[in-house]
Amino acid sequence: MKWTLDLAHKSKQEKNVEIASPPGYTHVGAFVHNTDHSKDTNPNHIIIKRSWDLALGPLKQVPMNLFIMYMAGNSISIFPIMMVGMLIIKPVNALFTLQQSFKAIEGTNTFGQKFVFFMGQVVNILLALYKCQSMGLLPTHASDWLAFVEPQSRVEHSGGGFSYT
């Protein structure tokens, strides 16, 4: 056959040619790797790393919460109301269970980790309150509380469009 290739047949010249080893491979046949695994296997290091992951969790949720707030809009409908409710309820529940969250993980930096966790939850609550304020759900004027006080009147009105002259 004209278009076949015989891989079983090797000439004498091909047998003596040595192929270069790939990077990281020794001639003995073992891979070269970092032998310093004491940091990864140290139980204290693993506990500290896990507790910092737990402490930074609320701060990692902030960008996603901002995106969800943007996508929900400022209208008063079921989806934005549910979103704001969850933005408030989840951090408050997490703050009430702060000690239980860190109970399994004890270390030397637990005060700092608990403080970072607490501040992350407070940031998420502040985001929810900002969303409530932008939706007009927070009572910010006296007319929101008292029936006999007149609502604030707008001094200016602005709008887009063309000027007819």
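Residues numbered from 1 in each chain as written. Predicted model: local features only at pLDDT ≥ 70, side-chain atom pairs only at ≥ 80, totals over all residues. Heavy atoms only, no water.

### Focus on the overall build of the chain
What the chain contains, in helices and strands, is six helices and zero strands. When the 165 residues of the chain are sorted by exposure, 18% land in the buried category. At a minimum sequence separation of 6, the contacts of the chain that also span at least 24 residues come to 64%. Just so you have it, the chain exposes about 13900 Å², and 63% of that area is on carbon and sulfur atoms. (Helix = DSSP H or I, 4+ residues; strand = E, 2+ residues; numbered from the N terminus. Buried < 20%, exposed > 50% of the residue type's maximum accessible area, 1.4 Å probe, protein only. Contact = heavy atoms within 4.5 Å. Areas by Shrake-Rupley, 256 points an atom, 1.4 Å probe, with all protein chains shown as cover.)

### Observations concerning the packing of helix H4 (residues 78-96) against helix H6 (residues 110-135)
Running from N to C, H4 and H6 point in directions that differ by 155 degrees, and their axes come no closer than 9 Å. Taken together, the axis directions place H4 and H6 in an arrangement best described as roughly antiparallel. For the pair H4 and H6, the sense of crossing is left-handed. The segment H4 lies against H6, with Pro80, Ile81, Met83, Val84, Leu87, Ile88, Pro91, Val92, Ala94 and Leu95 engaging Phe117, Phe118, Gln121, Asn124, Ile125, Ala128, Lys131, Cys132 and Met135. Residue composition of the contact of H4 with H6, by class: 16 nonpolar, two polar and one charged. (Axes fitted to C-alpha atoms, helices over the stretch in contact; angles between N-to-C directions. Parallel < 35°, antiparallel > 145°, perpendicular 65-115°, else oblique. Left-handed = near helix turned anticlockwise from the far one by under 90°. Nonpolar A, V, L, I, M, F, W, Y, C, P; charged D, E, K, R; others polar.)

### Comments concerning H6
Since one α-helical turn is 3.6 residues long, residues separated by three or four positions face the same way. The terminal C-alpha atoms of H6, which comprises 26 residues, lie 38 Å apart, in line with the 38 Å expected from a rise of 1.5 Å per residue. After H6 finishes, the residue Gly136 shows a positive phi value of roughly 85 degrees. (Expected span 1.5 Å × (residues − 1).)

### So, the side chain of Gln113
Tracing the sequence through the fold places Gln113 in helix H6. Judged by its relative accessible area of 2%, Gln113 is buried. Discounting residues that sit within four places of it in the chain, Gln113 has contacts with Ile48, Ser51, Trp52, Ala55 and Phe102.

### Side note on the UniProt feature "transmembrane region" (unreviewed entry) in the chain
Mapped onto this structure's residue numbering, the UniProt feature "transmembrane region" (unreviewed entry) falls at residues 67-89. When the span residues 67-89 is considered, its composition is 78% helix and 0% strand, and the gap between its end C-alpha atoms is 18 Å. (UniProt positions renumbered as here; feature names shortened; annotations may be inferred.)

### Description of helix H3 (residues 43-72)
Helix length check: H3, at 30 residues, gives a terminal C-alpha distance of 43 Å against a target of 44 Å (1.5 Å per residue), a fit within 8%. Within H3, the axis deviates most sharply at Leu56, by approximately 40 degrees, and proline Pro58 lies no more than four positions further along. Restricting attention to buried positions, one finds in H3 the residues Ser51, Ala55, Pro58, Val62, Asn65, Met69 and Ala72. Contacts made by the buried residues of H3 are with H4 and H6. (Bend = angle between axes of the 7 residues up to and from the residue.)

### A closer look at the side chain of Asn65
The topology assignment puts Asn65 in helix H3. With near-sequence residues (within four places) excluded, Asn65 lies in contact with Leu87, Asn124 and Leu127.

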